[in-house]
Structure formats: C-alpha cells, structure tokens
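# Examination of the molecular architecture
Chain residues, written in single-letter form:
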Amino acid sequence: MGLIYEKCLRPVLFKMDAEHAHELAVDSLALLGRLSPVCRAMEAWASRGGAARPVECFGLKFPNRVGLAAGFDKNARAWPAAAALGFGHVEIGTVTLLRQPGNDRPRLFRFPAQEAVINRMGFNNDGAETISRRLAKQPGPGQRRIPLGVNLGKSKVASLDQAVSDYLGSFARLADYADYLVLNVSSPNTPDLRKLQDEDRLRELLGAVSAANKARAETPGKTRKPLLLKIAPDLNYHQIDTVLGVIAEFGLDGIIATNTTLERPAAFANVGQAGGLSGAPLRRHSTQIINFIARATSGRLPIIAVGGITDTTSAAEKLDAGATLVQLYTGLIYRGPFFAGKVARSLRDRS
C-alpha cells in the first residue's frame, strides 16, 4: 500500500496546495470514521499478525506504540478513524480557548527532496467550547478503540499574563473528554508562546493546571487526567534540565519531545519561509533530546517521541533513545495513510 501511495496518490496530492491536500485528508477520514464496520475491518487488516502487544504508559493502555501527532486533526473531526489506519493513539488539537483562524495563507509548505515541511499555521481551530461539544457526541473515555489526547495551547489574543487563565479555560471545557492532556508551550507560530517554557512562567502554568487537575479527583464522578508537556527542540540542555525540574516539582505524567524547529539546516539556509520545520531534518536532534531526557530522569519520565520519523528505522531509533511511544505527522505526508500500521508492526518485538 505504501508503494501505491508513493507512486500513484502522492504525485496527485503534491500537485495541490499543501493545506488543501491536508483538508481533503481530514475530510476523507471524517467520512471514514462514520463507517464503523469499514473502520473495524480496516483496523483488523492494519493489525494483521498482531501489530504489537499493548503498552502501558501513564496509567493508560495503548494497543501499539504509534500515535497520530497533534496538528493533523485540529478540530476533533477525523480521530475516530485513526485506529483503522493502524494508530495506537491519537492527539487532537492544538485547541485554544478561543476560536481563531490562524495565520494568513499560504502557511504550509512541502520540501520533498528533504522529506520536510514548514508550517506557520498559528493554532487555527474551532475553539475549546465548540470542540468540547463535538467530543461530547463522540465515543468518550472507556468507549474508544484507542486513547485520545487533547493538546492545549494559548489563544493568540491572550497575553502572557493571561496565559494561565486561558489554558485553565480550555482545561475546564475539555478534560472530561480526554484520556490525557498536553500543554503545548512550544509552537513557534504563536507570538511569545515559547516564553512559557521559561522557569517562572512554566512553574506558574504547571502549578495552576496541576491544581485544577488534582481538584478533579476530589469531585464526584471525575478523575485526575494524565498531564504532559510538549517542548521545543530549540531549547539548550540547561533549559531542558530546568523544564524537567519543574515537571518533577508538579508531578506531570510525561513529556512530548519535540515540536517543530526554527533552526534552518544547510539545505534550508536560503529558504525564505517563516515557521516551524518538521520531518527528516529534525530526526537527529530530536533523538538527541529524547536521549538526554531519558538519561536525566533515569528513564522514570515517560517520553512520547515526535520529530523526523519517516521510516521504521527512525521510529526504532526513538525507542532506543528512551521513548515509550512515538507520534507521526510529516511522515504520513510522504509515506501515506498506512504508514502507522507499518511502523507499529516493525516495533512489535520491542513491545
């Protein structure tokens, strides 16, 4: 199937504007998700031979180690079809408290020779209230084929001083529907967002959301949700060490490493597109950061690895570096919709 995609379907999609092709993919999966018998048959095919044994991580059971990264299904429209493609979990978003259109188009660019993408989407999404209503009509925690993560970000119009209340608003609206939640403080496409990785602001944010999460456990009928932080690849190791200290202080359940990068390797030195670079050029640096985190925490902090996974070797490399789970996005653009199942099957002996 992968060869058919690369030889037949990908050339057609790559003639389209990148964001239009993305929207077509989301629409197609949203339609597929409404065809439950077809999804179940495709899921059985994707896991043929046993894709992997289940993996336990931060109190959840994942049928395999491969997830769909945030950024693909921003508005919780397509995720019910993810298991049919071989995914073992899916992360929607990034969701902001307020609905926002994102940055001006064009804002998504492919670089096929480097198997890379630059995006400056700007957290375009329907907003936490609308997405919570959509999730309320879909299978909830305990009823899903695979775990669902909800990735939260700061609304563009919210200042840094308003960031905590902005995240808390999204948390309050979406926590009931998530199997786990992610605080995204690392996208390069929202002004000042990455400043939330600074120690004082990060401590304020994690303290507030952790307290709200703890309060859930004291509310009848509600439970505490696993809470993770997503970091940038552009932090230096001293900064990462500081972030890990704050994570430990507030008892977060895991970390996602890494988001897209503002760095421009040699092949991109003269590329005039602003935004975050993802795909194969990020592979090595992302893996180095994962290995650093695993060693710094003695393997006690679960790591979800994302960045530069474009084949089975690069996926295995993340696990060897210390990750428990991996996530894909840019790799799907170049390898096709059944890439997740292929990666999951390749990792079965590591389960």
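None of the values given here were measured: they were computed from a predicted structure. (Residues numbered from 1 in each chain as written. Predicted model: local features only at pLDDT ≥ 70, side-chain atom pairs only at ≥ 80, totals over all residues. Heavy atoms only, no water.)

All told, the structure shown has 22 salt bridges when counted by the stated rule. Where glutamate 19 meets arginine 105, a salt bridge forms, and the shortest distance between an N and an O atom there is 3.3 Å. Of this pair, glutamate 19 sits in helix H2 (residues 18-33) while arginine 105 is found in the loop between strand S4 (89-95) and strand S5 (108-111), placing the two residues 86 residues apart along the sequence. For glutamate 19, a relative accessible area of 3% gives the class buried. The salt bridge partner of aspartate 161 is arginine 201, with a shortest N-O separation of 3.5 Å. Here arginine 201 lies in helix H6 (residues 199-217) and aspartate 161 lies in the loop between strand S7 (148-152) and helix H5 (163-174), a separation of 40 residues in the sequence. The class for arginine 201 is partly exposed, based on a relative accessible area of 26%. Among the charged side chains, a network of salt bridges with common partners joins Glu19, Glu23, Arg105 and Arg107. (Salt bridge = Lys/Arg side-chain N within 4 Å of Asp/Glu carboxyl O. Helix = DSSP H or I, 4+ residues; strand = E, 2+ residues; numbered from the N terminus. Buried < 20%, exposed > 50% of the residue type's maximum accessible area, 1.4 Å probe, protein only.)

As summarised here, the arrangement of the eight strands in space is S3-S4-S7-S8-S9-S10-S12-S13, forming a closed barrel in which the pairing is parallel. Ignoring which end each strand starts from, the neighbouring axes of this sheet average 25° apart. Two strands pair when backbone bridges link them, and strand S9 (residues 227-231) and strand S10 (residues 254-257) are joined in this way by four bridges, in the parallel orientation. Considered in S10, the bridge of isoleucine 231 is made with alanine 257. (Pairing = 2+ DSSP bridges. Axes fitted to C-alpha atoms, helices over the stretch in contact; angles between N-to-C directions.)

For the rest of this paragraph, the subject is the confidence of the model for the protein chain. Averaged over every residue, the pLDDT of the protein chain is 96; the share at 70 or more is 99%. Put simply, helix H1 (residues 2-13) is where the protein chain has its lowest mean pLDDT, 93, and S7 is where it has its highest, 99. (pLDDT = per-residue confidence, 0-100.)

Our focus in this paragraph is the sheet that holds strand S6 (residues 116-119). With antiparallel pairing, the three strands of this open sheet are ordered in space as S5-S6-S11. Of all the strands in the sheet, just S5 and strand S11 (276-279) have a single pairing partner and so form its edges. Averaged over neighbouring strand pairs, the angle between their axes works out to 20° when direction is ignored. Of the strand pairs in this sheet, S5 and S6 are connected by four bridges, and their pairing is antiparallel.

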